[in-house]
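In case you want the letters, here they are:
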Amino acid sequence: MLVDRSLLETATANATTTTTTTTVPGRIRLLAWGLCVVTLTIMARSIHDHLRYGQRNKRLCLSIVRILLLPGIYAIEAALSLTLPAWAPLFVMLRGLCEAAVVAAFLQFLVEMLRPASLCETTRYPHMLGVGRCFAPWTTRRTMLAILQYSAVMSLLWPLTLILWAANVYETPSKFSPRAAYLYFALLRNLSQALAMYALLFFYRAHHQPLRTRVAYPRLKLACINGTDAISRHWG
């Protein structure tokens, strides 16, 4: 998707002006990049060990590798946002796109670990946390669609964010102004993200019995994914 060169030049000039007023101290940036290097080293070692000693199932192996990439993505996004504060909205939205891919990878991991006989798409499961008072029970198919919608939403928001940011209307006149696109994009992104996280918890709850025999520490893995997502939603 192409953006007019004049819009990009205007956005770059605005970004340069904003950067001069919101400069992050050099020590903070240096610390961020140092922690980023440490994170990437640990991530690379984990991926190497998994590829060497992990699953033989290629699809399952690919899903796990995509999940292991998440810490590195967060580290790079945080370091870039501190180094280039004016470009942070683009980095945050790109991080959200990567989060959606990781959530989809975790769903694929759970589906691959389940036996085909235990994954019935027509069986209806009741909601949890009192949601069942407002909504009818979900099937496995609907639950998976609720998880994957996050990827579709972020795939749409990312190019739109790039265009509006280049046109200098994404955070103008202010980030939370009703006339700025940021407010509506952030609301849509968080609602989509919350729905995907609930659907992921719902999917695990509906299939926890077969998963307990196939996945080591499934609750801990699920807590890591949802915890990381909750922290990113708070700080993002």
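Residues numbered from 1 in each chain as written. Predicted model: local features only at pLDDT ≥ 70, side-chain atom pairs only at ≥ 80, totals over all residues. Heavy atoms only, no water.

This next bit is on the packing of helix α2 (residues 26-53) against helix α4 (residues 70-83). Contact geometry of α2 with α4 gives a least axis separation of 9 Å together with a crossing angle of 165°. The angle between α2 and α4 falls in the class roughly antiparallel. Between α2 and α4 lies a crossing of left-handed hand. For the pair α2 and α4, contact is made by I28, R29, A32, W33, C36, T39, L40 and M43 and by P71, G72, A75, I76, A79, L80, L82 and T83, respectively. Looking at the contact of α2 with α4 residue by residue, the classes come out as 12 nonpolar, three polar and one charged. (Axes fitted to C-alpha atoms, helices over the stretch in contact; angles between N-to-C directions. Helix = DSSP H or I, 4+ residues; strand = E, 2+ residues; numbered from the N terminus. Parallel < 35°, antiparallel > 145°, perpendicular 65-115°, else oblique. Left-handed = near helix turned anticlockwise from the far one by under 90°. Contact = heavy atoms within 4.5 Å. Nonpolar A, V, L, I, M, F, W, Y, C, P; charged D, E, K, R; others polar.)

This prediction gives the chain a mean pLDDT of 79; 78% of its residues lie at or above 70. For the chain, the element scoring lowest by mean pLDDT is helix α1 (residues 5-21), at 49; helix α6 (residues 140-166) scores highest, at 92. Ignoring residues within four places in sequence, the model shows residues 15-21, a span with pLDDT below 50, making six contacts including any to other chains. (pLDDT = per-residue confidence, 0-100.)

With that settled, the discussion passes to helix α5 (residues 88-113). The first and last C-alpha atoms of α5 sit 37 Å apart over 26 residues, in line with the 38 Å expected at 1.5 Å per residue. The buried fraction of α5 is high, at 19 of 26 residues. (Expected span 1.5 Å × (residues − 1). Buried < 20%, exposed > 50% of the residue type's maximum accessible area, 1.4 Å probe, protein only.)

Two aromatic rings, taken as a pair, are described by how far apart their centres are and by the angle between their planes. The tally for this structure, following the rule as stated, stands at eight aromatic pairs. Where W87 meets W165, the ring centres are 4.6 Å apart and the plane angle is 45°; that geometry is what we call tilted. Linking W87 in the loop between α4 and α5 with W165 in helix α6, this pair joins segments that are 78 residues apart in sequence. The class for W87 is partly exposed, based on a relative accessible area of 28%. Residue W165 is classed as buried on the basis of its relative accessible area, which comes to 10%. Summarising the aromatic geometry, the rings of Y198 and F202 are spaced 6.2 Å apart at their centres and angled 35° between planes, so their arrangement reads as tilted. Of this pair, Y198 and F202 both sit in helix α7 (residues 181-206), separated by four residues, roughly a single helical turn. Judged by relative accessible area, Y198 falls into the buried class, the value being 14%. Put simply, the rings of Y170, F176, Y182 and F185 touch in pairs and so form one group of aromatic residues. The cationic tip of K175 hangs over the ring face of Y182; the distance from NZ or CZ to the ring centre is 5.1 Å. (Phe/Tyr/Trp six-rings, centres within 6.5 Å; stacked < 30°, edge-to-face > 60°. Lys NZ or Arg CZ within 6 Å of the ring centre and 35° of its normal.)

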